[in-house]
Amino acid sequence: MKRILSLIVTMMAALGIFAEPVQHYVANSVLANGSWYKVAVENSGVYKLTYNDIQQMGIGDPASVRVYGYGGAIIDENFARLLPREDDLPEVPIFMDKGADGVFSDGDYILFYAQGVTKDNISDSQPTHSYTPNYYSRYGYYFITCGSGEGRRIATQEAVTEEPTLDFSTTYAGYYIHSDEYNLINSGREWYGYKFQNSTLTRTFTVSDSNIDTSLPMLLNVSVVASASAITTFTCKLNGTDIGQQIRVSSSANYVEIQQQFRR
Ligand SMILES: [Ca+2]
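### Looking at the environment of V41
In this structure, V41 sits in strand 1 (residues 37-41). For V41, a count of 18 C-beta atoms within 10 Å puts it in the partly exposed group. Put simply, V41 and Y139 are 98 residues apart on the chain and 5.4 Å apart in space, counted from C-alpha to C-alpha. When sequence neighbours within four positions are dropped, the list of residues in contact with V41 reads Y47, G71, G72, A114, G116, Y139, G140 and Y142.

See below:
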């Protein structure tokens, strides 16, 4: 009896510990105070706001401008992995060019890096390049305000003086051609972009980047879906030449998806 009682006490103590809520929330959002201006971004990159842009937003003191936000990448659906993260908007470091007079004024600007809606998954160990789209938004948003004094700045790195150990003039690049126009069963995340039917049985997709070195290996990922009473075939050509075997989708009353890789 004594042993059972002791077990219950231990369990209650343990339950008491786990019932304690884990607090990850700030008391107030940064958005609670001041005037804010919201800007939308679609693609990742460095964005520029001029002194006049900031002034026209109605920011009281353009020299004290601050940028907040996470951008547009989809967040992890496993909330447990998000928990160590602050729940409020983080301040984004900016670069501010004040010109020769050292005063943020007409003709000056700020730069900041913004995350777009496509999250690149780049692996250093494998020559692959994939991406995760944001299924819920076409834009990411940043919030502009001003604070007192100077906001967060992009840190200056020490110049590297050592001799390089690797010399290269090319790198991997990824291009995505997708258009989320059709959701075939009006459900889920599978979206397709281009219909091949009736008189449109050929489509040309152009990557307009004159810096591509066409002598280097290339990997082409193609995803097609079909539903037909006969086998559906797709032929992929690169600059007019077949790049590999045809993609064959078996006949089916249901939609069948095929993903195929071509290497050249
Ligand atoms: Ca200036």
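### Examining the sheet that holds strand 9 (residues 140-146)
Read across the sheet, four strands follow the order 1-9-3-4 without closing on themselves; strand pairing throughout is antiparallel. Each edge of the open sheet carries a strand with a single partner, namely strand 1 and strand 4 (91-92). With five bridges joining them, strand 1 and strand 9 adopt antiparallel strand pairing. When the bridges of strand 9 are listed, A40 appears paired with Y141.

### So, the sheet that holds strand 6 (residues 109-114)
Through backbone hydrogen bonds, the strands of a sheet pair up, either in parallel or in antiparallel fashion. Ordered by their spatial adjacency, three strands build an open sheet running 2-6-5, and the pairing between neighbours is antiparallel. With partners counted over all chains shown, the strands left at the sheet margins are strand 2 (45-50) and strand 5 (95-97), one partner each. Strand after strand, the sheet turns through a mean of 25° between neighbouring axes, direction not considered.

How each quantity is defined
- Residues numbered from 1 in each chain as written.
- Predicted model: local features only at pLDDT ≥ 70, side-chain atom pairs only at ≥ 80, totals over all residues.
- Helix = DSSP H or I, 4+ residues; strand = E, 2+ residues; numbered from the N terminus.
- Buried ≥ 20, exposed ≤ 12 C-beta atoms within 10 Å, placed from the backbone.
- Contact = placed C-beta atoms within 7 Å.
- Pairing = 2+ DSSP bridges.
- Axes fitted to C-alpha atoms, helices over the stretch in contact; angles between N-to-C directions.

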